[in-house]
Amino acid sequence: MGGSESKINYETVDRTDPSARAQGERRAREENEERMRELRDKMEKDRELALREAKERALYEDEAQRMRLDKQRREREENERRLKEEEAFLQLKQDLLLYDFQICPRIRKESFTGLQVDDVDLIRIALIGPTGSGKTSFVGTLQRALGEAEQSAFEQGTGSEGTILLEEYYVHKKIRMIDTRGFFESDERLLDECLNIMSGRIRPGEEVKRNCDGTDAAANQEPTGPVRGVLPLSRCAHAVVFVVKANDPRLKDGKYKETLKKIREHFRKDGYAPVTVITYLDKLKDKEDKDEAFDQASWATGSSSEKTYFIANYTHAKAEQSDAVDRAALDILDSVLLSAERFIRIRKQREKNKMEREIVAGGPSLSGETTEQFLARLQHKHHWSDQGKMKTLKEHLKKEEINTVKVLKEMWEDIKSSLPLSIGMKIVLEEEMQSL
């Protein structure tokens, strides 16, 4: 069947002024630091007062006086508990404001010992959910919780089911969120497209053709871009967030659980641990409804109960600042970053294991090895440092979009004079490529 073709544009969205954004981030950090100082001063004063009251209580023999001091103690303990919760929230916010995977990941840096992770400069998070589920508002809520003065993501898209516009939002200088629209009602026709977004094969700025009758025209298209083999991990989505509406009838009737079956299987195989966000809490009547929505969302998306969350997003209509909303948003972001870092560790460990097996077996094939894997193998074999010339070389190849050994070999004569390597290292590279 041949329907007419429509073009789907994939674009990066960042409507904020860079200088204003940098000032906003700095101001958010300073305000958070000041709030933490004030809170800790108050907690210290409260502790001193509690000690004095405890000493006074020991001196009182009158029961009424002792009961009054006991009541004050209980009130003070409850207040101390609230202050500790606020302190933990402010510390989390500070940690996320300063987040940098290369410098201070959320899991211990020692977890990445022996793994080549220097190519991952940004954490990319894919948002998947039906139109109207609150994905865009969730991005805006995260932006606001992190101190953004203006939330570009509050500008809701107009796409309907079957229309996909890939938008990559700036959430933090080291975090991006990819908002995929329209992938939820679909069947296998869009599965490959979703996986291509996850793997980085569909990038902002590219166009994808799909027939208006819903059939995929991409099967008859030539691959776009320089290479369609294994892509560097830096281009992948490193975490997945499913966003579902609390009262969506397709949750209750089990439709989403069936629709998402294959994508769940792919994510599990690839090493993703999805996080699920349930929106529109005000649509639920009571705790029973809330528990039911929680279980249904977790089953449909494959998220564990520890990675399933409720949130009441900020919107234009509900824009008043709320500590509860900010806490929920940052708890979710922290969970997503942990999932992303574990995914990176799993993928890099798999690459390392594959490389070591290939070395034992006599080396990989030319067609299937990325430049990242090739250089990592040479570093391991020749004990080259990951810094200095090798780091500059990787950045140079990445800039030139030379992603596989096949392309590197084809372009070698044209680029070798410009590579920041010693003559000896160039000779080793040539010999290794010729042996493949």
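Residues numbered from 1 in each chain as written. Predicted model: local features only at pLDDT ≥ 70, side-chain atom pairs only at ≥ 80, totals over all residues. Heavy atoms only, no water.

Within an unreviewed UniProt entry, the label attached to the protein chain reads G domain-containing protein, and the organism entered is Pocillopora meandrina.

Asker: For this particular structure, what's the right way to read the overall build of the protein chain?
Answerer: Tallying secondary structure elements over the protein chain gives 13 helices and eight strands in all. Counting all 436 residues of the protein chain, 45% fall into the buried class. For the protein chain, restricting intrachain contacts to residue pairs at least 6 apart in sequence, the fraction spanning at least 24 positions comes to 74%. With an accessible surface of roughly 22600 Å², the protein chain has 49% of that area assigned to carbon and sulfur atoms. (Helix = DSSP H or I, 4+ residues; strand = E, 2+ residues; numbered from the N terminus. Buried < 20%, exposed > 50% of the residue type's maximum accessible area, 1.4 Å probe, protein only. Contact = heavy atoms within 4.5 Å. Areas by Shrake-Rupley, 256 points an atom, 1.4 Å probe, with all protein chains shown as cover.)

Asker: Is there a simple way to explain the nonpolar core in this structure?
Answerer: Buried together is how nonpolar side chains tend to be arranged in soluble globular proteins. Of all hydrophobic cores here, the largest spans 63 residues; its most connected members are Ile123, Ile125, Phe138, Val241, Phe267 and Ile344. If you tally residues by element for this core, the top one is helix α9 (residues 323–361), at 10 residues. Those residues in contact with isoleucine 125 that sit more than four places away from it in its chain are Ile175, Arg176, Met177, Ile178, Ala239, Val241, Leu333 and Val336. Counting residues in hydrophobic clusters, the runner-up holds 19 residues, among them Leu397, Ile402, Val405 and Leu429. (Core = buried A, V, L, I, M, F, W, Y, C linked by side-chain atoms within 4.5 Å.)

Asker: Sorry if this is basic, but what is going on with the pattern of salt bridges here?
Answerer: Working definition: two side chains of opposite charge can pair if their charged atoms are close together. Per the counting criterion, the structure on display carries 26 salt bridges. Close ionic contact of glutamate 44 with arginine 47 constitutes a salt bridge, the shortest N to O distance being 3.0 Å. Here arginine 47 and glutamate 44 lie together in helix α1 (residues 18–59), a separation of three residues that amounts to about one turn. Note on glutamate 44: relative accessible area 37%, which makes it partly exposed. On the accessibility criterion, arginine 47 (37% relative accessible area) is partly exposed. (Salt bridge = Lys/Arg side-chain N within 4 Å of Asp/Glu carboxyl O.)

Asker: Which parts of the structure should I look at to understand unusual backbone geometry?
Answerer: The phi torsion of most residues other than glycine is negative, and most of the peptide bonds are trans. One non-glycine residue, tyrosine 280, adopts positive backbone phi at about 60°. Within the element layout of this structure, tyrosine 280 appears in the loop between β7 (275–279) and α8 (287–301). The class of tyrosine 280 is partly exposed, set by a relative accessible area of 32%.

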